[in-house]
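For reference, the chains in residue letters:
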Amino acid sequence: MQRSIFGEAVKGASHKNNNISCQDAFKIEHLSESCSIVAVADGHGSSACPYSKYGSAMAVNTFCYIIRRIYVLKSIIRRFIGGEFMIHVKEISQRFFLI
């Protein structure tokens, strides 16, 4: 199955008028043919927070990293332990990642 996922962070009119950079972030990661991660973070949107764009970028990168790790962990457990223990993957993931 072919899918199309796309996105873009766009500077809004007020940011253009006030010469403020776009502080939003998004990230798309394809984990397999059937699984993708889409993360979006809205920046603070104020000139009082000039580093907001770094925070939103950190948020999407961290989210994708954690979800990718959980996805890989589920694959490993499924491969080596079997389907009957998959009920516990969420609990194992939460303990492993301290979520």
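Residues numbered from 1 in each chain as written. Predicted model: local features only at pLDDT ≥ 70, side-chain atom pairs only at ≥ 80, totals over all residues. Heavy atoms only, no water.

**Here we look at the overall build of the chain**
Check the secondary structure of the chain and you find three helices and two strands. Ordered by position from N to C terminus, the α and β elements of the chain give α-β-β-α-α. Each of the 99 residues in the chain was classed as buried or not, and the buried ones make up 20%. Contacts in the chain between residues at least 24 apart in sequence constitute 45% of all its contacts with a sequence separation of at least 6. Of the roughly 7,400 Å² of accessible surface on the chain, 57% is carried by carbon and sulfur atoms. (Helix = DSSP H or I, 4+ residues; strand = E, 2+ residues; numbered from the N terminus. Buried < 20%, exposed > 50% of the residue type's maximum accessible area, 1.4 Å probe, protein only. Contact = heavy atoms within 4.5 Å. Areas by Shrake-Rupley, 256 points an atom, 1.4 Å probe, with all protein chains shown as cover.)

**Considerations on the environment of F63**
For F63, the position within the fold is in helix 2 (residues 52-80). Residue F63 is classed as partly exposed on the basis of its relative accessible area, which comes to 39%. Sequence separation between F63 and V38 is 25 residues, and the spatial gap between their C-alpha atoms is 9.4 Å. If sequence neighbours within four positions are ignored, F63 has contacts with I37, V38 and A39.

**Let's talk about the pairing of strand 1 (residues 25-32)**
Pairing geometry for strand 1 and strand 2 (residues 35-41), over seven bridges, is antiparallel. Across the sheet, residue F26 finds its bridge partner in strand 2, namely V40. (Pairing = 2+ DSSP bridges.)

**Describing the side chain of E29**
Summarising the element assignment, E29 is placed in strand 1. A distance of 2.9 Å separates the side chain of E29 from the side chain of R68, its partner in a polar contact. (Polar contact = N/O pair within 3.5 Å; in protein donor to acceptor, adjacent residues only side chain to side chain.)

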